[in-house]
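Single-letter residue listing:
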Amino acid sequence: MKLSKSKYRTIDALSKLAGLILLAVSIDNASRGNYFIALALFGLGGMIGILPLFIEIDKL
């Protein structure tokens, strides 16, 4: 997928924010003893966090 630089920055910022939110929720679940849910959320946050690496920037 190719995006303009401004749209890429928006998606990059949103993916980092979503990744940090999922990390915080997974830490909260780990402290409560829900280890499998915490592991799943941590993995999901990691996948969302690296999503912008697969997006190409349109060079206009």
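Just so it is clear, the structure is predicted and the values come from calculations on it, not from any experiment. (Residues numbered from 1 in each chain as written. Predicted model: local features only at pLDDT ≥ 70, side-chain atom pairs only at ≥ 80, totals over all residues. Heavy atoms only, no water.)

J.: Please set out the overall build of the chain residue by residue, giving values where relevant.
T.: For the chain, the count of helices and strands is 2 helices and 2 strands. From first element to last, N terminus to C terminus, the chain shows the α and β order β-α-α-β. Computed over the C-alpha atoms, the radius of gyration of the chain is 14 Å, more than 25% above the 10 Å expected from 2.2 N^0.38 for a compact globule of 60 residues. Overall, the C-alpha framework of the chain stretches about 50 × 15 × 10 Å when taken along its three principal axes. (Helix = DSSP H or I, 4+ residues; strand = E, 2+ residues; numbered from the N terminus. Rg over C-alpha atoms; globule rule 2.2 N^0.38 Å.)

J.: Tell me what's going on with the side chain of Ser26, and back it up with residues and numbers.
T.: Within the element layout of this structure, Ser26 appears in helix H1 (residues 5–32). If near-sequence neighbours (up to four positions away) are discounted, Ser26 is found in contact with Ala38, Leu41 and Phe42. (Contact = heavy atoms within 4.5 Å.)

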